[in-house]
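# Architecture and fold: a report
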Amino acid sequence: MTLGMAWTLEEWEANIAALPVLYRELFHRELLPAETTAFAAWVGWHMRENGHDLAWVRAQLLNSPEGRLHHDGPAPSPDVRVIRVTDERDGAFVHRMYGYWSNAWVSGRWAYVFAGHADGRPRCFKVDLESGDVERDTFHAPYLGTTEGWSWTADGQITLCEGSRLLTANPFTGGAIVQTDISVTHPGCDLWQAHASDDGRVHTATVRRTVSDGAYPKIGTIVVRDGQQTFYAAQGDLDESAADPSGRFVIIKEEFQRDKKRLDNRILDLQSGADNWIRDEDGAFGHSDMGDGCIVGEDDQIGACVLMDLRTRARRVLFSSWNMGHVSVRGNRCLGSDDTRLYDVRLDGSGRTALHAHGSGEITGANLDPSGRVGCYVSNGVVYLLRL
């Protein structure tokens, strides 16, 4: 085999047959069927594109912590439990979960879960985290839709957008509080993808102009603090915004055309009034989530998942990766997800540990409940909980 050339059938058969042996030697457990594709792809890339043989790849994986990151050991913790929430009776669920919104809320031994359904009617479930028993329709989704942008608050309510209004809805009582309404300040517009601080004093959302054809143009970001609206007009191609749990910091992501399309970050400090930009070339974040006074996300300039303190701008590399997937930060815990597995990211920079191989072949957007005790994700149209 030469550099960059495709393997022959005989080479593929020989190398694939060797993978389980290599995996068992590295990680001291059997290679699960759901993990085979990702592990084979990583090994195969080094062998095919870089011209290395299996012995070289084996040595790199054994001796390089960075090399092991694509399949971190050790085996998943026995304290982690996967609970299947939905089954054939429930039909198919749409993939509208993201790391920065919470699809589950935990109270005592119970987790309350909502998820968007293919028929446009969200479904709600009550899950016993001890027994794994699931009850259906014990509470009710307050509105229709895919549930994209819905998120549980720490006190068991759901933040969402409904037309020109940003609401905090109580799914147990059916009541709702209007946090803001832009029908007067921005007529002909709606709100999209809301975020909120833990204390409910700060909310953010994207303002879109409603049009009869095509996607609604994103014209800016609204920040609501103690009921007072502030509008930040888009300067580039607006992506999204988010507020940190403390309510002090807001991030706005916008794309600009320079040497190529670049995603920059606008950081607002609502306490000091500071308004600063981080350019993509200087380490702006792509996929990310916000912790208390910090942001965790992908720095594609150095190929790493990074934590940045928003007060000091100090950075800490959490792990190396050119394809991080998504992260969810809640309760001083960080849950990562990519197209093959879920993993625990240690915020002190000491690495990450594999938790579960979900096997869906796509990034699940796994997210933590507000307390950080439970992860929720959808795989192949099925909703699951990961008890941590």
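Numbering of residues begins from 1 in every chain and follows the order in which that chain's sequence is written. It should be noted that, the model being predicted, local features are given only for residues of pLDDT at least 70 and side-chain atom pairs only at 80 or more, the latter also being counted only at that level, while totals for whole chains, interfaces and linings use all residues. Hydrogens and water are ignored here; the side-chain numbers use all heavy atoms of the structure.

Take the overall build of the protein chain next. From N to C terminus, the protein chain includes 4 helices and 28 strands. Any residue under 20% of the maximum accessible area for its type is buried, any over 50% is exposed, and the rest in between are partly exposed; the area is computed with a 1.4 Å probe on protein chains only. Scored against the burial criterion, the 388 residues of the protein chain give a buried share of 50%. For the protein chain, contacts bridging at least 24 residues in sequence account for 45% of all contacts bridging at least 6. Shrake-Rupley sampling with a 1.4 Å probe provides the accessible areas, and residues are treated as covered by the protein chains on show and by no other component. With the model as given, the accessible surface of the protein chain reaches about 17300 Å², and the carbon-plus-sulfur share is 49%. Elements are defined by DSSP. Helices are runs of H or I of four residues or more, strands are runs of E of two residues or more, and each kind is numbered from the N terminus. Only heavy atoms enter the contact rule, under which two residues are in contact if any of them lie within 4.5 Å.

It is worth spelling out the sheet that holds strand E28 (residues 382-387) at this point. Sheet strands pair by backbone hydrogen bonding; their relative direction is either parallel or antiparallel. The 4 strands lie next to each other as E1-E28-E27-E26, forming an open sheet whose pairing is antiparallel. For this open sheet the edge positions go to strand E1 (81-84) and strand E26 (367-368), each flanked by a neighbour on one side alone. In this analysis, strands are considered paired if DSSP registers two or more bridges between them. Where E26 lies against strand E27 (residues 374-379), 2 bridges are found, and the strand directions are antiparallel. Bridge assignment links Leu368 to a residue of E27, and that residue is Gly375.

To continue, consider the nonpolar core. Within the largest apolar cluster, 17 residues are counted, with the highest numbers of intra-cluster contacts made by Val113, Val127, Leu129, Cys376, Val383 and Leu385. Of all the secondary structure elements, the ones that give two or more residues to this core are strand E2 (104-107), strand E3 (110-115), strand E4 (123-128), E27 and E28. Those residues within four positions of Val127 in sequence are excluded, and the remaining contacts are Ile83, Val85, Arg109, Trp110, Ala111, Val113, Asp133, Val134 and Leu385. Throughout this description, the term nonpolar core refers to a set of buried Ala, Val, Leu, Ile, Met, Phe, Trp, Tyr and Cys residues connected via side-chain atoms within 4.5 Å.

Moving on: the sheet that holds strand E11 (residues 202-209). Here we have 4 strands laid out as an open sheet, ordered E10-E11-E12-E13, and antiparallel in their pairing. Since the sheet does not close on itself, it has two edges, and those belong to strand E10 (189-196) and strand E13 (228-233), each with one partner. Going across the sheet, the axis of each strand differs from the next one's by a mean of 25°, ignoring polarity. Between N-to-C directions, angles span 0 to 180 degrees; the directions come from axes that are lines fitted to C-alpha atoms, helices contributing only their stretch in contact.

For any two aromatic rings, the description comes down to two numbers: the centre-to-centre distance and the angle of the planes. Classification of ring pairs uses Phe, Tyr and Trp, with its six-membered ring standing for Trp, and accepts pairs whose centres are within 6.5 Å; under 30 degrees between planes counts as stacked, over 60 as edge-to-face, and the remaining range as tilted. According to the stated counting rule, one finds 17 aromatic pairs in the structure shown. Considering the side-chain rings of Tyr112 and Phe172, the 5.3 Å spacing of their centres and the 85° angle between planes classify their relative orientation as edge-to-face. Here the residue Tyr112 occupies a position in strand E3, and Phe172 occupies one in the loop between strand E8 (165-169) and strand E9 (176-181), the gap between them amounting to 60 residues. For Tyr112, a relative accessible area of 12% translates into the label buried. Judged by its relative accessible area of 37%, Phe172 falls in the partly exposed class. Centroid distance Phe319 to Tyr343: 5.7 Å. Interplanar angle 90°. Geometry classified as edge-to-face. Within this pair, whereas Phe319 is found in strand E21 (residues 315-320), its partner Tyr343 is found in strand E24 (residues 341-345), the two being separated by 24 residues in sequence. Tyr343 shares its class with Phe319; the two are buried. An aromatic cluster of at least three residues, connected via ring pairs, comprises Trp105, Tyr112, Phe114, Phe139, Trp150, Trp152 and Phe172. In this structure, Arg208 is placed above the aromatic ring of Trp192, and the distance from its NZ or CZ to the ring centre is 4.4 Å. Remark: a charge is flagged as sitting over a ring if the NZ atom of Lys or the CZ atom of Arg is within 6 Å of the ring centre and within 35 degrees of the ring normal.

Mapped onto the secondary structure, Asp299 falls in strand E19 (residues 294-299). Pairs of N or O atoms within 3.5 Å make up the polar contacts considered here, provided that, within protein, one atom can donate a hydrogen while the other can accept it, and that residues adjacent in sequence are counted only when both atoms are side-chain atoms. Here Gln301 takes part through its backbone nitrogen, which lies 2.9 Å from a polar atom of the side chain of Asp299. Here Arg315 takes part through its side chain, which lies 3.3 Å from a polar atom of the side chain of Asp299. Excluding residues that lie within four positions of it along the chain, Asp299 makes contacts with Gly283, Ala284, Ala304, Val306 and Arg315.

We now examine the environment of Gly349. Assignment of secondary structure puts Gly349 in the loop between E24 and strand E25 (352-357). For Gly349, a relative accessible area of 30% corresponds to the partly exposed category. Considering only alpha carbons, one finds Gly349 and Leu318, 31 residues apart in sequence, at a separation of 4.3 Å. Residue contacts for Gly349: discarding those within four places in its chain leaves Arg316, Val317 and Leu318.

Moving on, we come to the confidence of the model for the protein chain. Where the model shows low pLDDT, its predicted coordinates should not be examined in detail. pLDDT measures the predictor's confidence residue by residue and takes values from 0 up to 100. Summary statistics for the protein chain give a mean pLDDT of 85 and a share of 79% for residues scoring 70 or more. Confidence drops under pLDDT 50 across residues 1-7; counting only partners more than four residues distant or on other chains, this segment forms 20 contacts. Within the model, the stretch residues 64-78 combines pLDDT values under 50 with 30 contacts to residues more than four positions away or in other chains.

This next bit is on the pattern of salt bridges. Each reported salt bridge corresponds to a side-chain nitrogen of Lys or Arg within 4 Å of a carboxyl oxygen of Asp or Glu. One pass over the full model with this rule turns up 25 salt bridges. Here Glu88 and Arg84 are joined by a salt bridge, their closest N and O atoms 3.9 Å apart. Between Asp119 and Arg123 there is a salt bridge, with its nearest N and O atoms 2.8 Å apart. For Asp119, a relative accessible area of 42% corresponds to the partly exposed category. By relative accessible area, which is 17% here, Arg123 ends up buried. Counted as one network, the salt bridges with shared partners bring together Arg258, Asp259, Arg262, Asp264, Arg279, Asp280 and Glu281.

Tracing the chain through its elements places Pro370 in the loop between E26 and E27. Given a relative accessible area of 21%, Pro370 falls into the partly exposed group. Sequence separation between Pro370 and Asp198 is 172 residues, and the spatial gap between their C-alpha atoms is 8.6 Å. For Pro370, the contacting residues outside a window of four places in its chain are Ser102, Ala104, Trp105, Trp152, Thr153, Ala154, Arg330 and Gly331.

This brings us to the state of the cysteines. Disulfide: a covalent bond formed between the sulfur atoms of two cysteine residues. Two cysteine sulfurs form what is called a disulfide whenever their separation falls within 2.5 Å. Under the definition given, this model contains 0 disulfides. The thiol of Cys305 is not disulfide-bonded; the next cysteine sulfur, from Cys334, is found 5.8 Å away.

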